[in-house]
Each structure stands twice: as C-alpha cells, then as structure tokens.
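Coordinate analysis (summary)
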Amino acid sequence: MQISEIRVDGYERVVRCTDPTSRLHALISVHDTTLGPSLGGMRMLSYRNEEEALFDVLRLSKGMTYKSAVADTGLGGGKSVVIGDPKLKSPALFEAMGRFVESLGGKYITAEDMNIGVGDLVTVRRTTKWVTGLARDMGGSGNPSPYTARGAFHGVRAVLEEAFGSPSFKGRRMLIQGVGAVGGRLAELLTEAGAHVIICDINEARVQELCERFGFEGVSDAKHLEVPCDVYSPCARGATINDATIPQLKCKAIAGVANNQLLEPRHGDALRQKGILYAPDYVINAGGIINVSFELLPGGYDEDKAVAKIDRIYDNLRRVFAIAREQRLSTHVAADRLAEQCIAAGRKAPIKA
Ligand code: NAD
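Residues numbered from 1 in each chain as written. Predicted model: local features only at pLDDT ≥ 70, side-chain atom pairs only at ≥ 80, totals over all residues. Heavy atoms only, no water.

1. Concerning the overall build of the protein chain
- Along the backbone of the protein chain there are 12 helices and 13 strands.
- The C-alpha atoms of the protein chain give 20 Å as radius of gyration, which agrees with the globular expectation for 353 residues (20 Å, within 12%).
- Overall size of the protein chain, expressed as C-alpha extent along the three principal axes, is 60 × 50 × 40 Å.
- Looking at the protein chain residue by residue over its 353 residues, the buried ones come to 54%.
- Just so you have it, the protein chain exposes about 15,900 Å², and 51% of that area is on carbon and sulfur atoms.
- A gap of 3 Å separates the mean positions of the 44 positive and 42 negative side-chain charges of the protein chain. (Helix = DSSP H or I, 4+ residues; strand = E, 2+ residues; numbered from the N terminus. Rg over C-alpha atoms; globule rule 2.2 N^0.38 Å. Buried < 20%, exposed > 50% of the residue type's maximum accessible area, 1.4 Å probe, protein only. Areas by Shrake-Rupley, 256 points an atom, 1.4 Å probe, with all protein chains shown as cover. Lys, Arg positive; Asp, Glu negative; His and termini not counted. Charge placed at Lys NZ, Arg CZ, Asp CG, Glu CD.)

2. Some details on the nonpolar core
- Ranked by size, the top nonpolar core spans 67 residues in total, and within it V159, I176, L190, V197, I199 and L317 carry the most contacts.
- Here this core gets 8 residues from one element, more than from any other, and that element is helix α4 (residues 145–164).
- Viewed by domain, this core spans two of them, domain 1 (2–64 + 76–131) and domain 2 (145–286 + 314–341), each represented by three or more residues.
- Setting aside anything within four residues of it in sequence, one finds L190 in contact with F153, V156, F169, M174, I176, A195 and V197.
- Grouped together as the second largest cluster of nonpolar side chains are 22 residues, V30, M42, L93 and V131 included. (Core = buried A, V, L, I, M, F, W, Y, C linked by side-chain atoms within 4.5 Å. Domains from an automatic or database assignment. Contact = heavy atoms within 4.5 Å.)

3. Description of the sheet that holds strand β12 (residues 253–254)
- Taken together, the 6 strands give an open sheet; going across it, the order is β10-β9-β8-β11-β12-β13, and neighbouring strands pair in parallel fashion. At either margin of the open sheet sits one strand with a lone partner, and together these are β10 (217–218) and β13 (277–278).
- With 2 bridges joining them, strand β9 (residues 196–200) and β10 adopt parallel strand pairing. From the neighbouring strand, I199 faces β10, where its bridge partner is G218. (Pairing = 2+ DSSP bridges.)

4. Describing α4
- When the terminal C-alpha atoms of α4 are compared, their 28 Å separation across 20 residues agrees well with the 28 Å that a helix rising 1.5 Å per residue should span.
- Of all 20 residues that make up α4, 14 are buried, and the element is covered over most of its length.
- Positive backbone phi, approximately 80°, marks G165, located one or two places after α4. (Expected span 1.5 Å × (residues − 1).)

5. Details of the domain arrangement of the protein chain
- By the assigned domains, the protein chain splits into domain 1 (2–64 + 76–131) and domain 2 (145–286 + 314–341).
- Here the C-alpha centre of domain 2 lies 30 Å away from the C-alpha centre of domain 1.

Pasting the structure below:
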C-alpha cells in the first residue's frame, strides 16, 4: 500500500492511497479540524480520472466543515472517495480502505455516502475503529434518515416564523419533492403538526401508497412546480433550484433536505430577489450528522441528547436568517458567514486538554 500527500491550499491534509493487491485507489481530504476531528462519508464512484475524484472530495470535505460548524457537532470536515466501479467491491478493498483511514490516526472519521452501505462499513471497521453510522447493535447510531427528517421539521418551524411571522403549521401548504427515507418521514411529521402536505416522486407507486396511508395529496412529479404552496421542500436530489425552475416557483419559502439544492450560488441570490426565503440545505439537513456525532462522546451514543441538539436546528436557522436580515445577505451567504464565525471562534478558543 502506498500513501502519498497531495498539497492543496486551504486544506489541512489530502492523501492518496494506491494498493495493487486490493486494487484500492482512494483519496481522503481533511479540510479543517479546528472544531474537532474531521467526519464525512465515504463514496464510491467510477470517476473518469483522479482529477475528477479530487475535485469531488475537496468540495465535499469543505462542505462538511461548514455543515458541522453551524450544527455545533464538535467536528471538522472531511470526506473520502474510492475511485472505481461499485460493482467491483470486495472485502479486500474495504479492509485496505480501513487501513488507509487508520493511517490518519483519527483525524478523519468515516461514514456512509453514495454507493457505500452499512455492510461495506462493517468491513472497513475490521481494520480501523474510525467508523461511524453502524447499526445500534454494533455500538453505532443506526439509520440517520429519521433524525434528518426530525431536524428538517424543526427547521421548517423557523422558516414559517421568518416567512409568515408564526411557527404554526396549521393549514400551511407544504409541497415535498422526493418521499424517500427522509422526505416520507418529514411528510408525516408535517401532517401530524397540522400542515396540508402535497407530495411527488418519480416513484409514483410510493406516492400513491403514502397518500392512501397518511392522507397526503399527491401530484405528478412532472407538474409539481405548478402547485401553489407556502413551503417547497426538495428532498430528492441536488441542483433543482436553477434558471429553469426559479421562474416557475409558486412558494414563499424553500426548506428541504436534498444536498446542494442551488445549481450555482447565484441562484440563492435569485431566490432572494424573488422574495423567496431559502433555508440553506446544509443547515436544515444536519440532523443525521448531529445524530452520528453523539457516537463519539466518551459515554457512547445517547439518543435523548442527540435529539435535543437536532431540535436546535430551529435556532441555527434563526441565526442564519438574522444574519441575512441584518447584513442584507442572501441566506446561503449568511450560512457561510455563520460557519466561518464558528470556526474563527474555535481558533481563538484555548486548546482543550
Ligand atoms: P432516498 O433515496 O431514500 O429518497 C429519495 C427519493 O427521491 C426517492 O423516493 C426517489 O424515488 C425520489 N427521487 C429521486 N430522483 C427524483 C426526481 N428526479 N424527481 C422526483 N423524485 C425523485 O434518499 P433520502 O435518504 O431520503 O435523501 C434525500 C436527499 O436528502 C438526498 O439528496 C440526500 O443526499 C439528502 N440527505 C439525506 C440525509 C439522510 O439522512 N438520509 C441527510 C442529509 C441529506
């Protein structure tokens, strides 16, 4: 196994691993550990080349620093990518990946991400202890999705307060795109709180099933942007807020869990100009990472404590909206400012023994 450094300005450590025996070719990026060891998922993709993989791992690890800073997880940001076809997974590959993670001595802690499942992480765990997100019976915090949904629910509360002057869900029209693990649960929570929930998904059978079970209103995914609503919640995939969709939006606010909803940062400014309040994705969808961060406490995972912090996503968004209001910024810029303030405060704080 060969491990080599890649020097990248603004990043604490970026390392490459090549291992001919297991055929592992992977990168780990530790963006910033000011606030704690870096944590971020491991993804596996058939990148065209290492350059493309490097671009992805750098972008994602920096995003994790910002996400964890605002969520106050006590963690920094990192990420890892395995370069290769997920069909070619093998135990040897993940054991080698574990040794690679271990070589950073805990500066990088891994978790699930695209094309990496709990089963793969169990194999990684054979050769490193720096793994989170395993099942409860393995000492982990289990499936993060219900916690992400819970955090988003409290985030929507802050959004309603900011956009409508009241956090009440009663009678509010909420449109959710993507009712998978997170969106489906969020729809239930919003309905329980008194909102009128409208759902769409490319999986129409799932929409029908959920509408019958929970009384949601269903719309076709192709036409969902024609539906007037108070809050639109993208919970399917990224880049759905773009030049084509913004003119069609018939909502007062956007609050969903999908990662990287804005195709480009300027689309956040376009929403502001249109008078649409945007809940920055990495602030409102932090429930999962907050939950996982509680695995790393000395006493181990504690659900009550985790949930109490997840509910504070409400306060985190209130802070973002206050910065946006006071400094006349778009909310996505305000979130970055808040993250940078948290990191700067961490730099000044005395080093913990
Ligand atoms: P999921 O795969 O369980 O659900 C996604 C749903 O979106 C599915 O029902 C799918 O059919 C639907 N979908 C996919 N493409 C679509 C399209 N083009 N139009 C309409 N519907 C479409 O995923 P999830 O775990 O619920 O996560 C949803 C999003 O939130 C993802 O972007 C994910 O990265 C992000 N996220 C998830 C978590 C978590 O804890 N699971 C945490 C943070 C962010």
